[in-house]
Amino acid sequence: MTSIEHNLLQVRARIAAAAARCGRAPEEITLLAVSKTKPASAVAEAIAAGQQAFGENYVQEGVEKVAELAAHPDLQWHFIGPLQSNKSRLVAENFAWCHTVDRQRIAQRLNDQRPDALPPLNVLIQVNISDENSKSGIMLEAIPGLAQQIAALPRLRLRGLMAIPAPEADYDRQLAVCQQMASAFHALKQDYPEVDTLSLGMSDDMDAAIAAGSTMVRIGTAVFGARDYARPSQQ
């Protein structure tokens with residue numbers, strides 16, 4: 001058994017345990033393996049261990065991996081990093097999901113640049129739930145307006161919300177923030193029945209996110225090991 005296979009088993013067991021504690025089925029929660037800065041060979045190990053959904057933060061690096069692993073057509077590639085306007089075409093052409101839509105201009109560009117031969121791009125609205133100046137995302141009260149704009153674009157499919165809460169060591173505080181996101185998610189579902197994804201929770205707050213109702217957790221280091229940020233990466 002490879003170390004990545006072992007790590008995936010451990011992460012899946014943790015997801016199952018967190019789900020059981022709050023009366024949820026583990027099948028309700030998708031594990032998104034965050035492969036940023038990791039080589040395609042590491043992703044291939046994860047694929048061999050049954051993982052199919054991968055998240056990339058850097059556009060150019062992600063596109064290269066998509067090309068290297070094109071022999072695996074069932075993979076789901078998610079773009080989860082900040083998206084600059086000049087890189088939107090690469091995301092529109094190469095990824096199945098974009099988690100970081102936070103303004104109408106980006107949504108319009110993704111829509112216009114999505115190839116007709118591909119299904120609509122699945123998009124999540126990024127919410128700056130902790131109101132951090134360093135984070136992308138919109139405020140909770142802006143969700144309905146942006147959702148309406150996205151829903152009108154034929155080459156996009158609004159799937160839900162994403163957030164990166166500020167680091168917080170206390171579980172109860174983690175849970176309170178995650179519950180805010182869950183409330184916004186359920187309100188969005190009322191208006192858009194296709195909405196089904198709350199991308200919330202990483203290694204340190206995954207348990208609280210699952211308890212609140214997250215449907216997708218983004219896990220990197222616990223799957224692939226520590227990252228080497230000396231490896232050059234391009235946005």
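Residues numbered from 1 in each chain as written. Predicted model: local features only at pLDDT ≥ 70, side-chain atom pairs only at ≥ 80, totals over all residues. Heavy atoms only, no water.

**Some points on the pattern of salt bridges**
At step 1: For the structure on display, the rule yields eleven salt bridges.
At step 2: The salt bridge partner of R21 is D207, with a shortest N-O separation of 2.6 Å. Highlighted residues: R21 in helix 1 (residues 3-21) and D207 in helix 8 (residues 206-212), separated in sequence by 186 residues.
At step 3: You can call R21 exposed: its relative accessible area is 57%.
At step 4: Between R103 and D102 there is a salt bridge, and its shortest N-O distance comes to 2.8 Å.
At step 5: Taking relative accessible area as the criterion, R103 reaches 33% and is therefore assigned partly exposed. (Salt bridge = Lys/Arg side-chain N within 4 Å of Asp/Glu carboxyl O. Helix = DSSP H or I, 4+ residues; strand = E, 2+ residues; numbered from the N terminus. Buried < 20%, exposed > 50% of the residue type's maximum accessible area, 1.4 Å probe, protein only.)

**Description of helix 2 (residues 40-48)**
Along an α-helix, residues three or four positions apart point the same way, because every turn accommodates 3.6 residues.
At step 1: Among all positions of helix 2, only A40, A42, V43, A46 and I47 are buried. Along helix 2, the residues classed as buried sweep out an arc of 155 degrees about the axis, all on the same side.
At step 2: Elements in contact with the buried residues of helix 2: helix 1, strand 2 (53-56), helix 3 (59-68), strand 3 (76-79) and helix 9 (221-224).
At step 3: Downstream of helix 2 by one or two residues, G50 has phi in the positive range, about 95 degrees. (Arc of directions from axis to C-beta. Contact = heavy atoms within 4.5 Å.)

**Focus: the packing of aromatic side chains**
At step 1: If you walk through the whole model with that rule in mind, you get two aromatic pairs.
At step 2: Taking the centre distance of 5.7 Å and the plane angle of 35 degrees together, the rings of F54 and W77 count as tilted. Of this pair, F54 sits in strand 2 while W77 sits in strand 3, placing them 23 residues apart in sequence. Note on accessibility: F54 and W77 belong to one class, buried.
At step 3: Each ring, one from F79 and one from F95, has its centre 5.6 Å from the other, and the planes form 70 degrees; the classification is edge-to-face. (Phe/Tyr/Trp six-rings, centres within 6.5 Å; stacked < 30°, edge-to-face > 60°.)

**A closer look at the UniProt feature "modified residue: N6-(pyridoxal phosphate)lysine" (unreviewed entry) in the protein chain**
At step 1: Under the present numbering, the feature "modified residue: N6-(pyridoxal phosphate)lysine" (unreviewed entry) in UniProt falls on K36.
At step 2: As for its placement among the helices and strands, K36 is situated in the loop between strand 1 (30-34) and helix 2. (UniProt positions renumbered as here; feature names shortened; annotations may be inferred.)

**Some words on the pairing of strand 6 (residues 156-163)**
At step 1: Across the eight residues that make up strand 6, a large majority, seven, are buried.
At step 2: Where strand 5 (residues 121-127) meets strand 6, seven bridges bridge the pair, whose relative direction is parallel. Of the residues in strand 6, the one forming a bridge with I125 is L161.
At step 3: Considered for its hand, the β-α-β crossover made up of strand 5, helix 6 (residues 143-151) and strand 6 is right-handed.
At step 4: In the sheet, strand 6 pairs with strand 7 (residues 197-199) via three bridges, with the strands oriented parallel. Residue pairing in the sheet places M162 in a bridge with S199 of strand 7. (Pairing = 2+ DSSP bridges. Right-handed = clockwise from strand over helix to strand, strands pointing away.)

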